[in-house]
Amino acid sequence: MTSIILLSIFGILNLFVGFMKSKRVLMPVVLLFLAVALGATLFDWNQPKSYFSNMLSTDNFSVGFTAVMVVSTLLILPFSRRYAINENANLAEYYSLLLFSLVGGIMMVSYENLLILFVGIEIMSISMYILAGSDKRNILSNEASMKYFLMGSFFTGILLFGVALLYGATGAFYLTDIAAAATRMDPATAPLLLMGLLLVLTGITFKIGAAPFHFWTPDVYEGTPTVFTSYMSTVVKTAGIAAFYKLMSAAFGGVYDQWFPTVVAITVLTLLIGNIGAVTQTSMKRMLAYSSISHAGYLMIALTSFNDRSENAILFYSLAYAVATIAAFGVMKYVSDERGSDEYAAFNGLGKTNPLLAFVMTVAMLSLAGIPLTGGFFGKLFLFSAALEQDMVWLIVIAVLMSAVGIYYYFRVIIAMYMKEPAGDRIALDPLATFTLISLVVLTVLMGVAPGLFSNLL
Amino acid sequence: MLTALLILWPALAALLVLLVKGQGAKRIAFGAALAELVLGVWAWINFTPNASTQFLLNEPWIAEAGIMFKVGMDGISLLMVLLTVFLVPLIILSTFKHNYEKPSSFYALILFMQTGLVGVFTALDAFVFYFFWEVALIPIYFIAGMWGGENRVRVTFKFFIYTVFGSLFMLAAFVYLYFQTPGTHSSEEVAFYQLVLDAGTQSWLFWFLFIAFAIKMPVFPFHTWQPDTYSEAPAAGTMLLSGIMLKMGIYGALRWLLPVVPLGVSQWSTVVLVLAIIGIIYGAIIAIRQQDLKRLVAFSSVSHVGLIAAGLFTLNEHGMQGAMVQMLSHGINVVGMFFIIDIIQSRIGTREIAAMGGITQNTPFMSVCFLVLLLGTVALPLTNGFVGEFLLLMGVYQYNNWMGAIAGLTIILGAVYMLRMFQRVMFGEQNEITRGFTDLTFNEKAVLVPLVVMVFWIGLHPNTFLSLSEPSVLKLLDVIKR
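The model shown is predicted, which means the values in this text are computed figures rather than measured ones. (Residues numbered from 1 in each chain as written. Chains lettered and ligands numbered in written order. Predicted model: local features only at pLDDT ≥ 70, side-chain atom pairs only at ≥ 80, totals over all residues.)

1. Quick notes on the overall build of chain A
Step number 1: Regarding its fold elements, chain A presents 19 helices and two strands.
Step number 2: Relative to a compact globule of 458 residues, whose C-alpha radius of gyration would be 23 Å, chain A shows 21 Å and is just as compact.
Step number 3: With the C-alpha coordinates aligned to their principal axes, the bounding extent of chain A is approximately 70 × 50 × 40 Å.
Step number 4: Counting the 458 residues in chain A, one finds 59% classified as buried. (Helix = DSSP H or I, 4+ residues; strand = E, 2+ residues; numbered from the N terminus. Rg over C-alpha atoms; globule rule 2.2 N^0.38 Å. Buried ≥ 20, exposed ≤ 12 C-beta atoms within 10 Å, placed from the backbone.)

In structure tokens:
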């Protein structure tokens, strides 16, 4: 709760900082804001509280996911340095929107009431619609913004419709009341309840980019400026999956059997479409878009079981995925800015010209592919464990097969970097980005070597 | 502690080597590998030859899930570790005549791979085993992919996908087994050994685990990545792959397949033996037709490994002890063969058998070494190959007379392709290409002499090594027959 208030105030303050002549002060200020918000978040650790007639609550679940989101944002920002040099960029506005969007994200992981969920999703999304189009002169960015906005508002509508139906069936917006009504399953209102659940499910599935509502992802990711794509595929996804998990476990855990086949079908479809879609891409950015779809699929595997293990698994995976994805987008940003393309070919010979960038990218790809020594491996291991506890062997077989497919497309970048002749000259790096990239690698390897530090937080 | 040191030292040394600029990296890497060899020998001296696990390190890794970082060595592990620490310095030394691009990365990767290999051979927790299993794979992928031949990108990628695909199934099986353990769950080796699963479950678990190991060994029909990868990888990579990494598959089956799902094994062992024996014959016949030296030895390796796999799945003492000693012998012989091929290739620039002839005339020393290693490969008595293959064939014969007879063809066919090759490469008239062939340099002798010594040591006194592994093998057999 403190972090929500702080970040809202910081967002407004930041707009005033934007009046200052030098744009270079903005990033340190925002980083400071985020660090303060992170501290305030962690302060609530082990101190469950509820606010606004219990519409919002902070517990370790919300603190954990908030921390992942704030840390992700902290790690993404250093890559936006280039915007500070560009005079046309409205940097203060961008940063404020990011902070506001983060507020929405925090609401999505700490809601106890469906209205707060809706408001959180809206706050987060509206900021993102604008940021997707922040590269105003670029037609692709305009297209991304338009597509994201149209599709996004349509699906938020569906979500709201679902919430209304749920209210009609149960007379409540609170998760606990809905859970009680759902367990009773009054035959008269059951169709309404299940219809409402299905619509809410559809709305959230869109937000996390799971199939069959994933179509916006590649185009929007491609057009959006890379820094915001990175935010979209990490922070937005983390908020979405945490909200999804909370909804299903807190409100509908009792009627597991009713929605389980639907969720499993979505999971399998998402895994298939994400991974197979990524294989045919030639652009790194579009590949990462499909990869983000597939990771939504892996994360949804945790929805097959609700216990401490699965909560921790989602948290661990979200962090490991976010760190690796930010590293990948970070390197990609430098490569595409310098070499003018985000095709695989632009990465050719990066191992010779920029060993550091290539190494960071390699570690990121290994982590996303789930190879040991990196956090991604234990993320997958924990998620698969959660599902196997429910004897979902065949689901794991599909997930394992799809992981093998994943290795195929993640390694294409590695092959381009190390086994092809250089496609350009050495790329210059600024110290802050270098430091961030190294931190990302260290964090990934730390999660891969000493997973015990992160695996039992909740 | 000693085990942890054996695992960690190469990784630390790899970081050190990364900091070195230029060709000096090879000397530092060689020194580090020698230090590791000293550690290994130190472990051997302090090892008590009984069935217990020694030099144990047991630290919580993911404490709340009961996953321990547990490593230690019994006789079987010790033999494999000794093989690793013995071969790696020789492999590094064998590259001294090449000036690879980016030497620091090249040698750091070799040392890093050693960490993975020693980790695999000493892991006593399923997830630790899997962890090192993949850690060993990443460096060899880059070694083969960055310093290999023309088709390296495609070939190594196929190899990587193939092996990871297999190991993911092994991981799934491990996770499943982990959840079958009682209480708060454990993934330790002993916990897996105590599991009592019904035959149906063991049946599918067998295939999940077997595919991973079969691809690594490789057993027919999972071998298709191997000849290409061997011939495209740089010489050092081929030696690492064939000399040590291949043993990961056999060792994995021995430690994590046979005792874990014994009912599954007894259900499927005939199928495995048939596949292995097909591999023996198939590999040998294809080897006869090869024109490229490296491919010839690669297919001969398919044939020899088939026999080791067959012996392993007979589940009798002869077969398993034979597999143990043959793992050492094969490692030594195949590394020697690939090194000689590398010497020939670096002298005359080709591996085509047809282009060679008369090399013996200038190279008495190399000819002797080559011949000894070759005779070891074809299992002549008094050499290391004989001990292993004899025990293996005895094991297979005990399992089934007919299978033993067919598998025995390997010795005849092996002699055919090996001696024919030697004859065409080393004897006959000198030609334009081979006329200027020079004998071994000091570095080359330093690699080959230890290998030749080992051929005779194992051949004349195999008990030095057999007695190390015997108690552990018997204990393992008890677990399997429980």
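2. Thoughts on the overall build of chain B
Step number 1: Helices and strands together make up the secondary structure of chain B, namely 18 helices and two strands.
Step number 2: At 21 Å, chain B has a C-alpha radius of gyration in line with the 23 Å of a compact globule built from 482 residues.
Step number 3: Projecting the C-alpha coordinates of chain B onto the three principal axes gives extents of approximately 70 × 55 × 45 Å.
Step number 4: Looking at chain B as a whole, 60% of its 482 residues are labelled buried.
Step number 5: For chain B, the proportion of contacts with a sequence separation of at least 24, taken over those separated by at least 6, is 81%. (Contact = placed C-beta atoms within 7 Å.)

3. A short note on the nonpolar core
Step number 1: In this structure, B:Ile110 and B:Leu209 are the most contacted members of the largest nonpolar core, which totals 362 residues.
Step number 2: Excluding residues within four positions of it along the chain, B:Leu209 makes contact with B:Met170, B:Ala173, B:Trp256, B:Leu257 and B:Val261. (Core = buried A, V, L, I, M, F, W, Y, C linked by C-beta atoms within 7 Å.)

4. What to know about helix H7 (residues 139-170) of chain A
Residue and element names in this part refer to chain A.
Step number 1: The end-to-end C-alpha distance of H7 is 46 Å, a good match for the 46 Å that 32 residues give at a rise of 1.5 Å each.
Step number 2: Looking at H7, one finds that the buried residues are Ser141, Ala144, Ser145, Tyr148, Gly152, Phe155, Leu159, Gly162, Leu165, Leu166, Ala169 and Thr170.
Step number 3: Against the buried residues of H7 lie helix H6 (114-132), helix H8 (175-184), helix H9 (190-208) and helix H10 (216-223).
Step number 4: Remark: Gly171 follows H7 within two positions and exhibits a positive phi of approximately 70 degrees. (Expected span 1.5 Å × (residues − 1).)

5. Some words on helix H12 (residues 256-279) of chain A
Residues and elements named next belong to chain A.
Step number 1: Taking 1.5 Å of rise per residue, the 24 residues of H12 would be expected to cover 34 Å, and the 34 Å separating its terminal C-alpha atoms lies within 8% of that figure.
Step number 2: For H12, the full list of buried residues reads Val263, Ile266, Thr267, Thr270, Leu271, Gly274, Asn275, Gly277 and Ala278.
Step number 3: Buried residues belonging to H12 abut H9, helix H13 (284-301) and helix H18 (393-419).

6. Quick word on the packing of helix H1 (residues 2-19) of chain B against helix H4 (residues 103-122) of chain B
All names here are of chain B.
Step number 1: Contact geometry for H1 and H4: axes closest at 8 Å, N-to-C directions at 170 degrees. It follows from the interaxial angle that H1 and H4 lie roughly antiparallel. Taken as a pair, H1 and H4 cross one another with a handedness that is left-handed. Of the residues in H4, those in contact with Thr3, Leu6, Ile7, Pro10, Ala11, Ala13, Ala14, Val17 and Leu18 of H1 are Ser104, Tyr107, Ala108, Leu111, Phe112, Gln114, Thr115, Val118, Gly119 and Thr122.
Step number 2: Tallied by class, the residues present in the contact of H1 with H4 amount to 13 nonpolar, six polar and no charged. (Axes fitted to C-alpha atoms, helices over the stretch in contact; angles between N-to-C directions. Parallel < 35°, antiparallel > 145°, perpendicular 65-115°, else oblique. Left-handed = near helix turned anticlockwise from the far one by under 90°. Nonpolar A, V, L, I, M, F, W, Y, C, P; charged D, E, K, R; others polar.)

7. Topic: the interface of chain B and chain A
One widely used convention gives an interface's size as the accessible area the parts lose upon coming together.
Step number 1: On the side of chain A, 24 residues touch chain B, which itself brings 25 residues to the contact.
Step number 2: Every element with two or more residues in the side of chain B that touches chain A is listed here: strand E1 (54-62), helix H5 (126-147) and helix H6 (152-180) of chain B.
Step number 3: At 12 residues, the largest contribution of residues to the side of chain B that touches chain A is made by H6(B).
Step number 4: Within the side of chain B that touches chain A, the residues separate by chemical class into 22 nonpolar, one polar and two charged.

8. Brief notes about the pairing of E1(B)
All names here are of chain B.
Step number 1: The pairing of E1 with strand E2 (residues 67-73) spans six bridges and is classified as antiparallel. Paired with Leu57 across the bridge in E2 is Val71.
Step number 2: As consecutive antiparallel partners, E1 and E2 are separated by four residues, and within that stretch Gly66 has a phi angle of approximately 70 degrees, a positive value. (Pairing = 2+ DSSP bridges.)

9. Thoughts on unusual backbone geometry
If a residue is not glycine, its phi is most likely negative; likewise, a peptide bond is most likely trans.
Step number 1: For the bond from A:Ala211 to A:Pro212, the omega torsion is 0 degrees, close enough to zero to count as cis.
Step number 2: Of note, A:Pro212 is situated in the loop between H9 and H10.
Step number 3: With an omega dihedral of 0 degrees, the bond running from B:Phe220 to B:Pro221 counts as a cis peptide bond.
Step number 4: The residue A:Asn46 is not glycine, and still its phi comes out positive at about 60 degrees.
Step number 5: Note on placement: A:Asn46 falls in the loop between helix H2 (26-43) and strand E1 (49-51).
Step number 6: A positive phi is found at B:Lys102, a non-glycine position, where the angle reads about 50 degrees.
Step number 7: Following the sequence through the fold, B:Lys102 ends up in the loop between helix H3 (75-94) and H4.

10. Quick word on the packing of helix H13 (residues 317-348) of chain B against helix H14 (residues 364-377) of chain B
Residues and elements named next belong to chain B.
Step number 1: As a packed pair, H13 and H14 sit with axes 9 Å apart at the nearest point and diverge in direction by 140 degrees. Relative to H14, the crossing made by H13 is left-handed. For the pair H13 and H14, contact is made by Ser329, Asn333, Gly336, Met337, Ile340 and Ile343 and by Met366, Phe370, Leu373, Gly376 and Thr377, respectively.
Step number 2: Counted by class, the contact of H13 with H14 contains six nonpolar, five polar and no charged residues.

11. Observations concerning the environment of A:Asp186
Residues and elements named next belong to chain A.
Step number 1: Checked against the element boundaries, Asp186 lands in the loop between H8 and H9.
Step number 2: With 12 C-beta atoms packed within 10 Å, Asp186 lands in the exposed category.
Step number 3: The sequence separation of Asp186 and Thr170 amounts to 16 residues, and the corresponding C-alpha distance is 9.3 Å.

12. Notes on the confidence of the model for chain B
Step number 1: For chain B, the average pLDDT comes to 90, and 100% of its residues sit at 70 or higher.
Step number 2: Both scores are given for the predicted complex: the pTM is 0.91, the ipTM 0.86. (pLDDT = per-residue confidence, 0-100.)

13. Considering the environment of A:Leu98
Residue and element names in this part refer to chain A.
Step number 1: Within the element layout of this structure, Leu98 appears in helix H5 (residues 91-110).
Step number 2: Through-space distance from the C-alpha of Leu98 to that of Lys23 is 16 Å; in sequence the pair is 75 residues apart.
Step number 3: Aside from chain neighbours lying at most four places away, what touches Leu98 is Thr73 and Tyr231.

14. Things to note about the confidence of the model for chain A
Step number 1: A residue-level look at chain A finds 99% of positions with pLDDT of 70 or above and a mean pLDDT of 89.
Step number 2: Mean pLDDT across the elements of chain A bottoms out in helix H4 (residues 81-85) of chain A (68) and peaks in helix H3 (residues 60-76) of chain A (94).

15. Notes on the environment of A:Val163
All names here are of chain A.
Step number 1: On the secondary structure map, Val163 appears in helix H7.
Step number 2: Judged by C-beta crowding, with 19 C-beta atoms within 10 Å, Val163 ranks as partly exposed.
Step number 3: Taking the C-alpha atoms as reference points, Val163 and Gly196, 33 residues apart in sequence, are found 6.3 Å from one another.
Step number 4: With residues up to four places along the chain from it excluded, the contact list for Val163 reads Leu114, Phe118 and Val200.

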